[in-house]
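Residue-level structure breakdown
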Amino acid sequence: AILQAAYGVAKRVRSETDIARRPVSIASVAAQLAQDLHGDLADCSALVIGLGDIGALIHEQLRVAGLRRSTLTGPSARTEAAARRSGMHFAAFDRLAESLVSADIVVSASGTGQQIVDRKLVDAALKARRRKPILLLDVAMPADMEREIERLDDAFLYAFDDLERVALEGRSR
């Protein structure tokens, strides 16, 4: 009876207070940002660049939040096999520009040590998308995306540090 009462109190605390209102992990922050920008994720598509663990965690959290369509690309030869194993579509890395056009959410975790997505590439994708917004999540260390992307209208870039800061704010509250 005591355990049941404790579980009941815990459930009330989570549902009746702000304790569970803010995301506390980088993956949950990413999913919340995607929902804030695009609403229902069932109608969105994601592009995951690279095989990084954090990128995979974010992708899984996006799927839990309702994402149905996702594509995996990357410079590694293992990417196509990884896409098949995870039930994702595969896009050849040399077709990155085309893949960006159809992506509402881009998660980059390639770990190449080079900036593979630049302002020019995103600007061209936005024009082809008729300025439909793109959420770009760069969780690679060092960054895969050029910070100049932030200056583009309709491109919302969050680097690893940005996501971590929001997660820490959620934990502190």
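Anyway, here's the lowdown on the structure attached to this text.

What counts and what doesn't
Residues numbered from 1 in each chain as written. Predicted model: local features only at pLDDT ≥ 70, side-chain atom pairs only at ≥ 80, totals over all residues. Heavy atoms only, no water. Pairing = 2+ DSSP bridges. Helix = DSSP H or I, 4+ residues; strand = E, 2+ residues; numbered from the N terminus. Buried < 20%, exposed > 50% of the residue type's maximum accessible area, 1.4 Å probe, protein only. Right-handed = clockwise from strand over helix to strand, strands pointing away. Salt bridge = Lys/Arg side-chain N within 4 Å of Asp/Glu carboxyl O. Axes fitted to C-alpha atoms, helices over the stretch in contact; angles between N-to-C directions. Parallel < 35°, antiparallel > 145°, perpendicular 65-115°, else oblique. Left-handed = near helix turned anticlockwise from the far one by under 90°. Contact = heavy atoms within 4.5 Å. Nonpolar A, V, L, I, M, F, W, Y, C, P; charged D, E, K, R; others polar. Expected span 1.5 Å × (residues − 1).

Another aspect to go through is the sheet that holds strand E5 (residues 134–138). Read from one edge of the open sheet, six strands run E3-E2-E1-E4-E5-E6, paired in parallel fashion. Edge positions in the sheet fall to strand E3 (89–90) and strand E6 (155–159), since each has one partner strand and no second. Looking at chain direction, strand E1 (residues 45–49) and strand E2 (residues 69–73) are connected through five bridges and run parallel. Residue pairing for E2: Val48 is matched across the bridge by Leu72.

Burial analysis of E5 places five of its five residues in the buried class, which makes it a mostly covered element. The alternating pattern of E5 places Ile134, Leu136 and Asp138 and Leu135 and Leu137 on opposite faces, both of which are buried. Pairing analysis gives four bridges linking strand E4 (residues 105–108) to E5, with the strands arranged parallel. Pairing of Ser108 across the sheet is with Asp138, part of E5. For the crossover from E4 across helix H6 (residues 119–128) to E5, the handedness is right-handed. In this structure, E5 lies alongside E6, joined through five bridges in parallel fashion. Across the sheet, residue Leu137 finds its bridge partner in E6, namely Tyr158.

Once that is clear, we can look at the pattern of salt bridges. Considering all chains together, one arrives at eleven salt bridges under this definition. Arg131 is the partner of Asp123 in a salt bridge, and the nearest nitrogen-oxygen pair spans 3.6 Å. Across the pair Glu148 and Arg151 runs a salt bridge, and its minimum N-O distance is 3.6 Å. For Glu148, a relative accessible area of 32% translates into the label partly exposed.

So, about the packing of helix H2 (residues 26–38) against helix H3 (residues 53–64). Contact geometry for H2 and H3: axes closest at 8 Å, N-to-C directions at 50 degrees. Between H2 and H3, the angle is such that the two are oblique. Seen along the crossing, H2 lies across H3 with a hand that is right-handed. In contact with Ile26, Ala27, Ser28, Ala30, Ala31 and Ala34 of H2, H3 contributes Leu57, Ile58, Gln61 and Leu62. Residue composition of the contact of H2 with H3, by class: eight nonpolar, two polar and no charged.

The subject of this paragraph is H2. Count 3.6 residues to each turn of an α-helix, and residues three or four apart come out pointing the same way. Its 13 residues give H2 an end-to-end C-alpha distance of 18 Å, which sits within 8% of 18 Å, the value for a rise of 1.5 Å per residue. Inspection of H2 places Ile26, Ala27, Ser28, Val29, Ala30, Ala31, Leu33, Ala34 and His38 among the buried residues, and these make up the whole buried set. With its phi angle positive at about 75 degrees, Gly39 sits one or two positions after the end of H2.

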